[in-house]
Structure formats: structure tokens, C-alpha cells
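Residues per chain are reported as follows:
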Amino acid sequence: PLAYTGSVGSEVAFESARADYSFAVFDSSNNKVVVVYADDGDSAHGKAIVGTVSGSSVSYGTAVTFNAATTTRISAAFDSNSNKVVIAFRDNGDSDKTNSIVGTVSGTSISFGSEATITTSTTGSPTSTTFDSNSNKVVVFYKDDNNSEYGTAAVGTVSGTSISYGTPVVFESAQSVMDQAGSCFDSTNNKVVVVYRDVGNSSYGTAIVGTVSGTSISFGTAATFHDAASEGIVCAFDSGNSKVVVA
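Bear in mind the structure is a predicted one, so any value in this text is a computation, not a measurement. (Residues numbered from 1 in each chain as written. Predicted model: local features only at pLDDT ≥ 70, side-chain atom pairs only at ≥ 80, totals over all residues. Heavy atoms only, no water.)

Here the focus is the side chain of glutamine 180. Structurally, the position occupied by glutamine 180 is in the loop between strand E14 (169–177) and strand E15 (183–186). Note on glutamine 180: relative accessible area 14%, which makes it buried. Within polar-contact distance, the side chain of glutamine 180 engages the backbone oxygen of isoleucine 74 at 2.7 Å. Among residues more than four places away in sequence, those in contact with glutamine 180 are Tyr21, Ser22, Phe23, Ile74, Ser75, Pro126, Thr127, Ser128 and Thr129. (Helix = DSSP H or I, 4+ residues; strand = E, 2+ residues; numbered from the N terminus. Buried < 20%, exposed > 50% of the residue type's maximum accessible area, 1.4 Å probe, protein only. Polar contact = N/O pair within 3.5 Å; in protein donor to acceptor, adjacent residues only side chain to side chain. Contact = heavy atoms within 4.5 Å.)

Moving on, we get to the pairing of strand E3 (residues 45–54). Among the ten residues in E3, seven count as buried, and that is most of the element. Two strands pair when backbone bridges link them, and strand E2 (residues 32–39) and E3 are joined in this way by seven bridges, in the antiparallel orientation. Each residue of the ladder has a partner; that of valine 33, found in E3, is glycine 51. Between E2 and E3, which pair antiparallel and follow one another directly, the connecting turn spans five residues, one of which, serine 43, has a positive phi of 55 degrees. Taken together, the four bridges between E3 and strand E5 (residues 64–79) define a ladder with antiparallel strand orientation. Bridge pairing in E5 links histidine 45 to threonine 70. Connecting E3 to the antiparallel partner strand E4 (residues 57–60) that follows it, the hairpin turn spans two residues, and glycine 55 within it adopts a positive phi of roughly 65 degrees. (Pairing = 2+ DSSP bridges.)

Core analysis: the largest hydrophobic core is formed by 18 residues, its most contacted members being Val34, Val36, Phe66, Ile74 and Ile87. Where this core is concerned, the elements lending two or more residues are strand E1 (19–27), E2, E3, E5, strand E6 (84–91) and strand E7 (97–106). With four residues, the top contributor of residues to this core is E5. Excluding residues within four positions of it along the chain, isoleucine 74 makes contact with Asp20, Tyr21, Val36, Tyr37, Ala38, Phe66, Ile87, Ala88, Phe89, Thr127 and Gln180. (Core = buried A, V, L, I, M, F, W, Y, C linked by side-chain atoms within 4.5 Å.)

Turning next to the pairing of E1. Sheet topology places E1 next to E2; seven bridges connect them, and they run antiparallel. From the neighbouring strand, phenylalanine 26 faces E2, where its bridge partner is valine 33. Hairpin connection between E1 and E2: a loop of four residues separates the two successive antiparallel strands, and asparagine 31 in this loop has a positive phi of roughly 55 degrees.

Moving on, we come to the packing of aromatic side chains. If you walk through the whole model with that rule in mind, you get eight aromatic pairs. Taken together, the aromatic side chains of Phe141, Phe171, Tyr196 and Phe219 make up a single cluster linked through ring pairs. (Phe/Tyr/Trp six-rings, centres within 6.5 Å; stacked < 30°, edge-to-face > 60°.)

Right, dumping it as C-alpha cells:
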């Protein structure tokens, strides 16, 4: 491994309590960072806070609650078509449904529209959310506890401060465990990639390619990238080399 030889700024706390399921996205329209999390100091309510980078430091506005109930399995993505932040999460205050909400950054704050249900099914592992800039759709991946824990995806369309979803599609007919950053968009091939632990195949690290069409998504054949039990799997797209990198 190569050692990082650059410099870093000082740490800045964005929350004085434990922040579970923390996940950060970059809003390229406002040049802000948005951190979403469950505030353990406030009954695990879902919150978001806007950060402004200046030099080697970052400052934060005031946290805004997007779900005033126990919130888990959080992930998020920035929709650069509508210039909105989309958050997916499990809402324990709404019968443990897998829900979603749209956030709009203004200055150092963020406001939210109404919740939309992705599926009435619960999810027992983190969701993963990716923006497809070719179709201008958001894709949410999750483990469907009400359908044998199969890996499932739903395509969302942002309109104003709302989002609606098409019919969920199964991409793996076995228990599938994802990470918050377990999906990415390949802008060279205009495909969505999701990486996951395929429990039905000895928990091997597995990837599959999805193609969004309208409000649905179809998938190719799954490929194993690690023939051993794999956890904490994430992926990113390298636009300079047109490659997907999996860790």
C-alpha cells in the first residue's frame, strides 16, 4: 500500500452524540456536503446537516430532522438532474417500511418534502442509493426481509420535493447483504453496479450490472469477485479509467 503524504485539517464534530448510519454526499449544485445520520442522542431520529468546506476545514449548519422516529439502514445520493439529495431509510415509526425522502439544500440548511414508501417490506441491512445520470433516476438497493431476504432494487423519480418509485425488481434470489456505498454508476457504459454478499453462495463477494429503463431496472448475470466470505463491500466508479473499483 502507498502512504498518503498530503495534509489534512482538524476534525470538526457535526453531532455531539453518537451518529449511527452516518453517510455523506456531495451536492455539486450548492458545493456543499450533506451528512445524514441517526441521532443516538435524540431517540435515533433521522437527521441531516449541511457542511461547507473552506480550505482544509469544514463548518456545519444546524441539523434538520427528516424522520422524527427511530431511523436505521440509511443511505443517500445526490440527484444532479433535480439538484436534490435523496435519502433512503427504514422508518421504525411507519411500521418499519423502507421509505425515502427528498432534501433541498439552501445556504447552510436543508429542507425536506414528504416521505415516500419504496416498499412496505422491512430491510435488515443497510440500503444503498445511487443516481443514474443517464436516465436521471435514483436506484435504491435493499434486502427484502418479507421476500426471503432477496436482493431487490427500486427505481425512483424525483419531481419537485417528492419522489415516486416503480415496482421493485429482484436482482438476487438469495439472501443479499449490501453496504451503504455498495452501489455505483458507470457513466461510460450507463450502467448501475451493485456489490453484495451472496449468502446463498457461501457469502462470496458478488457484483451485478443493472440497466435502468423508465421506472424499472433489469439485470445481467451475477459475477463473483471474491471466492470467500466477504463483508463491508463498497464500490466506486473511476471516470478517468472507465473502471468500477470494488473494495
